[in-house]
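Report on the structure
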Amino acid sequence: SFYRKTDTKAEWKKLENRLDRAETKTPVLYPDRNVRTLVFRIAAILIIAFLTGFAVRYLIHETGTIRYTADAAVQEYILPDGSTVTLNSDSKLTCSKKFNKDNRSVTLSGEAYFDVSRNENLPFTVHAAGIEVTVLGTAFTVDARHPETGISVVVDRGKVSMADTKHHNEVILTPGKEGLWNAQTRQLAAHQISDPNYLAWKTRHIVFRDVPLNQG
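Residues numbered from 1 in each chain as written. Predicted model: local features only at pLDDT ≥ 70, side-chain atom pairs only at ≥ 80, totals over all residues. Heavy atoms only, no water.

1. Looking at the overall build of the protein
From N to C terminus, the protein includes three helices and 13 strands. Among the 216 residues that make up the protein, the fraction classed as buried is 29%. Intrachain contacts of the protein at a sequence separation of at least 6 include 36% that bridge at least 24 residues. Summing over all exposed atoms, the protein offers an accessible surface of approximately 15,000 Å²; the carbon and sulfur share of this is 55%. (Helix = DSSP H or I, 4+ residues; strand = E, 2+ residues; numbered from the N terminus. Buried < 20%, exposed > 50% of the residue type's maximum accessible area, 1.4 Å probe, protein only. Contact = heavy atoms within 4.5 Å. Areas by Shrake-Rupley, 256 points an atom, 1.4 Å probe, with all protein chains shown as cover.)

Right, dumping it as structure tokens:
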């Protein structure tokens, strides 16, 4: 006969054993796609930050130069000596990594406002297209955005020396005074500042004097 009697108890026991083995297996968890994406993004940010920091350290170590820049907006920086520099947009300041050790010399391309910490042993010098501005501790503005036509220095506080190093010309500027260097004649001149808004790019305040209200 093709009919065979089944041992019900034995078959049931086999089924229970298979179920027990299945329950003891460690489940495989697959993280949500959004979680995986977030993890990848965080990892990418950390890698970029590491590489950027490495590049900056490499640049300073290999070239010995520190760069401060302002692209589309005004930027303020604190230099290693505690001095503050506010860079106008499209401006750049560079200095040696030995700044405040052997010297306090910086090179400016563009326009900047300096509030210099006083140090009589290390004068603070700004180089801009052949012009040197030297101070001990003061606040002033250097406009070297168009060196092909000239350079302007306005003193806010203290005393400033402005010199054409090539032609040995020099003027001493005090608060409210502006020094102008003419790139064509190579001449330096000083006069009282007449524009009350020469620092408007930094302060974001505009002063109106003797201007009718319908023109203000």
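2. Topic: the pattern of salt bridges
Inspection of the entire model under this criterion finds six salt bridges. As a salt-bridge pair, E111 and R145 come within 3.3 Å of each other at their nearest N and O atoms. Of the two residues, E111 is situated in strand β5 (residues 104-115) and R145 in the loop between β8 (139-144) and β9 (150-157); the sequence distance between them amounts to 34 residues. In this structure E111 comes out as buried when scored by relative accessible area, which is 5%. Residue classification places R145 among the partly exposed positions, given a relative accessible area of 43%. (Salt bridge = Lys/Arg side-chain N within 4 Å of Asp/Glu carboxyl O.)

3. Considering the pairing of strand β7 (residues 131-135)
Here β7 shows a clear split, with I131, V133 and V135 buried on one side and none of E132 and T134 buried on the other. By the bridge criterion, five bridges tie strand β6 (residues 124-128) to β7 in an arrangement that is antiparallel. Paired with T125 across the bridge in β7 is T134. Here β6 hands over to β7 after two residues, with A129 in that stretch at a positive phi of 50°. Two strands pair when backbone bridges link them, and β7 and strand β10 (residues 160-164) are joined in this way by four bridges, in the antiparallel orientation. Bridging from a neighbouring strand, I131 pairs with D164 of β10. (Pairing = 2+ DSSP bridges.)

4. Here we look at the side chain of S83
Within the element layout of this structure, S83 appears in the loop between β2 (75-78) and β3 (84-87). S83 sits in the buried class, given a relative accessible area of 2%. For S83, the side chain forms a polar contact with the side chain of D81, separated by 2.8 Å. Apart from the residues within four sequence positions on either side, S83 is in contact with Y77, I78, R104, D115, V116, S117 and F124. (Polar contact = N/O pair within 3.5 Å; in protein donor to acceptor, adjacent residues only side chain to side chain.)

5. Some words on the pairing of β3
In terms of strand pairing, β2 meets β3 through four bridges, oriented antiparallel. Bridge pairing links Q75 to L87 in β3. Joining the antiparallel neighbours β2 and β3 is a turn of five residues, in which G82 adopts a positive phi near 95°. Here four bridges tie β3 to β5, and the two strands are oriented antiparallel to one another. If you follow L87 over to β5, its bridge partner there is A112.

6. Observations concerning unusual backbone geometry
At N100, a position not held by glycine, the phi torsion is positive, near 75°. With respect to the element layout, N100 can be found in the loop between β4 (91-96) and β5. One non-glycine residue, A129, lies in the positive phi region at around 50°. Take A129: it is sitting in the loop between β6 and β7. The partly exposed category is assigned to A129, whose relative accessible area is 46%.

7. Some details on the side chain of T94
Mapped onto the secondary structure, T94 falls in strand β4. In contact with T94, not counting residues within four places along its chain, are T65, I66, R67, S105, V106 and T107.

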